[in-house]
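Summary of the model geometry
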Amino acid sequence: MAEPGRSGTTSAPRVGADVARRAAGSAAAGCALGGAVAVTVAVVAGPGPGLTGYVSEAGIAGSGHAATYRIGVLALAAALLLLGAALPPGVWAAAPALLATGAVFTAVSGAVTCSAGCPLPPFERATTADLVHGGASIAATASVVFAMLALAVSGSAAPAVRRLAGVTAALALPLCATVGLAMLVVGRGAVVGVLERLVLVLLAAWGLATATVLALKHRQASSL
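Quantities reported herein were computed from a predicted structural model and do not represent experimental measurements. (Residues numbered from 1 in each chain as written. Predicted model: local features only at pLDDT ≥ 70, side-chain atom pairs only at ≥ 80, totals over all residues. Heavy atoms only, no water.)

**Describing the environment of Met148**
Relative to the helices and strands, Met148 is located in helix H4 (residues 128-152). Using a relative accessible area of 0% as the deciding quantity, one classes Met148 as buried. In this view, Met148 contacts Ala165, Thr168, Ala169, Leu203 and Trp206; residues no more than four positions away in its chain are not counted. (Helix = DSSP H or I, 4+ residues; strand = E, 2+ residues; numbered from the N terminus. Buried < 20%, exposed > 50% of the residue type's maximum accessible area, 1.4 Å probe, protein only. Contact = heavy atoms within 4.5 Å.)

**Describing the nonpolar core**
Leu83, Leu87, Leu99, Met148, Leu151 and Trp206 are the most contacted members of the largest nonpolar core, which has 40 residues in total. Excluding anything up to four places from it in sequence, Leu151 contacts Leu87, Val91, Ala95, Ala157, Val161, Arg162, Ala165 and Trp206. Ranked by size, the runner-up nonpolar core spans six residues in total, among them Val39, Ala58, Tyr69 and Val73. (Core = buried A, V, L, I, M, F, W, Y, C linked by side-chain atoms within 4.5 Å.)

**Focus: the confidence of the model for the protein**
Averaged over all residues, the pLDDT of the protein equals 88, while 89% of them reach at least 70. Per-residue pLDDT stays below 50 along residues 1-10; that stretch engages in zero contacts with residues further than four places along the chain or on separate chains. Every residue in residues 220-224 scores below 50 in pLDDT, and together they form three contacts with partners more than four places removed in sequence or on other chains. (pLDDT = per-residue confidence, 0-100.)

**Considerations on the state of the cysteines**
Tallied over the entire structure, the rule returns one disulfide. Residue pairing for Cys114: its cysteine sulfur links by disulfide to Cys118, the two sulfurs lying 1.8 Å apart. (Disulfide = S-S within 2.5 Å.)

**With respect to unusual backbone geometry**
At the junction of Pro121 and Pro122, the peptide bond is cis and its omega measures out at 10° in the coordinates. Topologically, Pro122 is positioned in the loop between helix H3 (94-111) and H4. Phi is positive for Cys118, close to 45°, though the residue is something other than glycine. Along the chain, Cys118 turns up in the loop between H3 and H4. By relative accessible area, Cys118 is classed as buried at 4%.

**Quick look at helix H5 (residues 159-185)**
Taking 1.5 Å per residue as the helical rise, H5 with its 27 residues ought to reach 39 Å, and the 39 Å between its terminal C-alpha atoms agrees with that figure. Once H5 ends, the next one or two residues include Gly187, with phi positive near 75°. (Expected span 1.5 Å × (residues − 1).)

Next up, the structure:
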């Protein structure tokens, strides 16, 4: 027979870890929602060129909503980091590592602002800050999409998490490829502007949905 209290001593760390992951998932959902709202407000209310410009133009120095934009981007970076912490043990290590990488590059893109119009080659002459900002934004997006792919094939992740990751990655990959091609072929304009926004909406929605699923899953597990 097992000694009295033995099961409690072995399950307590597990319950504590579940509570910590649930808290991380809840915090990630809050940061994702708050960050998305802040960025949206900055983009919509700002004096930018609308759908023909980049989202990052809302954060240009001197813009009336630059602070709101940067706070939103940093909140999204925190959401990625917390989302990685909320993943269950046994998940393929590439997933949290890629989310952490995405968080770092997202924070860099928020900290390093681009110049007016956020010019990028090959059609526009870019400054060093423009290249750093643009490169960090691209790297952040790629890291998050690859994290989705890693989660989609990770057997330790919940089925709902794998489905969300797989479906979103299937939608995001062709959109990202089209954005990259459009930037090289036609440059800044309505096509790139609309596609960029679609990609960012997908990523934000995935982060919010996945964080919510993880928070609820850990809550159910800790209540058993």
